[in-house]
Amino acid sequence: MSLEINQRLLYVGLGGTGINSAIELESMLRKEMCGPDGNALMKKHPHLNLRPYELPRHIQTILIDTDDSAVKRHKAAAGIDNDDVYYSTSTLITDLSVPSSYKVVASGLRAQIPESVKSWLPKADSEPNVSPISAGAGQYPLVGRASLFSALQPNADAFLGNFDQAIERISKSSEELDAVSGDNSVAQEMYVYIAFSIAGGTGTGIYYDILHLLEEKIRREMPDLTLYMFPLVLMPQAFEDNQLPDAYKYSKINGGFAISDLAQLIDHQNAPSAGTENQYTQSYPGGLNISMGGSLEKRPVPLAFTFTKGPNADLDDMYKSVAAFCLSNIGGELIENKNEKLTFF
């Protein structure tokens, strides 16, 4: 019996960790839903006009990285010859992959949108020597965020257009949802999983803003749905065996700041107050100000899940664990792994 998912699902992979976990998740989904020959969904629901290995439209993936080769790796790993099938459920955002150095990007931000970056972009003294950004953020969250704001200028609303296709497909997927749900009613809900590590540069540097930007876009386009967003966070300890001591030290420093910011955001989401709302309102180029959840009493990010590895596990095991955890929450079986440690807050 093949797996069928009867809820709206958007999986967002940020940086290398997010992309690698997305590769594992889509492999699991196609295996479980489409079967070994890719035709299971076609045979069960012929009226949907699906093609071999094609997932239904209510399941979408968005990938974002500064390293354009990492984004392209997802397509190669999918092993799907038909581009239309692949792109029907996958959105690759390469706006952050700029061929310039961090120094050039930072200088442009200070000159062109000073008000949007003055609170977090430091002066030019001792800048990270990362060039080109299209090869990755080099374990500098500052570089990741600078590349995102470079893509957001001059108007962040234009960047939100990157999410259009995935959100539109989900919004128009009622036929697929009805087919896989059978006699069960489809809840007016949408589940978004955002996977990233807080050890490196891109995921650590952009996750906070992507949470806000994506929530704003979904709330605009599908205001009648109840939105749940779950960060899936790979902790620095997962990289200890793969990094030199100095690199691992910086991973832990990155992780300390990032997990603190995320924990404070979740505390505010669970107990919002008018007195602190301004502290959690993010400002973006073009005058876009976002308070996550807006005026909704029920905020969309109630908790996050963090992953670190136990003995005898490697990074590939962790990517599989993140994917398996997501699969277990959307209708599949959790692949148990005694070497995985999972926590949430």
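Residues numbered from 1 in each chain as written. Predicted model: local features only at pLDDT ≥ 70, side-chain atom pairs only at ≥ 80, totals over all residues. Heavy atoms only, no water.

Right, let's talk about the nonpolar core for a bit. The biggest cluster of nonpolar side chains holds 62 residues, and the ones touching the most others in it are L10, F159, F163 and V192. In this structure, F163 is in contact with I62, I64, I93, L213, L214 and K217, ignoring residues within four places of it in sequence. In terms of nonpolar packing, the next biggest core, distinct from the first, is built from 44 residues, M28, L50, C326 and I330 among them. (Core = buried A, V, L, I, M, F, W, Y, C linked by side-chain atoms within 4.5 Å. Buried < 20%, exposed > 50% of the residue type's maximum accessible area, 1.4 Å probe, protein only. Contact = heavy atoms within 4.5 Å.)

In this section: the confidence of the model for the protein chain. Averaged over every residue, the pLDDT of the protein chain is 91; residues scoring 70 or more account for 94%. At the level of individual helices and strands, the protein chain shows its lowest average pLDDT in strand β9 (residues 340-344), which scores 45, and its highest in strand β2 (residues 59-64), which scores 98. Contacts for the low-pLDDT stretch residues 332-345, under 50 throughout, to residues beyond four places or in other chains number 42 contacts. (pLDDT = per-residue confidence, 0-100. Helix = DSSP H or I, 4+ residues; strand = E, 2+ residues; numbered from the N terminus.)

Helix packing geometry: the angle between the two helix axes and the distance between the axes. Two elements in contact, helix α1 (residues 15-34) and helix α13 (residues 315-329), have axes whose closest approach is 8 Å; the angle formed by their N-to-C orientations is 55 degrees. Taken together, the axes of α1 and α13 lie oblique to each other. The crossing of α1 and α13 is right-handed. Between α1 and α13, the contacting residues are T17, N20, S21, E24, L25, M28 and L29 on the first element and Y319, K320, V322, A323, A324, C326 and L327 on the second. Residue classes in the contact of α1 with α13 are distributed as nine nonpolar, three polar and two charged. (Axes fitted to C-alpha atoms, helices over the stretch in contact; angles between N-to-C directions. Parallel < 35°, antiparallel > 145°, perpendicular 65-115°, else oblique. Left-handed = near helix turned anticlockwise from the far one by under 90°. Nonpolar A, V, L, I, M, F, W, Y, C, P; charged D, E, K, R; others polar.)

A separate point is unusual backbone geometry. Across the junction of S131 and P132, the peptide omega takes the value -10 degrees, indicating a cis bond. Note that P132 resides in the loop between α6 (114-117) and α7 (141-152). Unusually for a residue other than glycine, N312 sits at a positive phi of about 70 degrees. Considering the arrangement of structural elements, one finds N312 in the loop between β8 (305-309) and α13.

For helix α12 (residues 245-270), spanning 26 residues, the distance from its first C-alpha to its last is 37 Å, which sits close to the expected 38 Å at 1.5 Å a residue. Tucked inside the fold, the buried residues of α12 contact α7, α11 (202-221) and β5 (226-234). (Expected span 1.5 Å × (residues − 1).)

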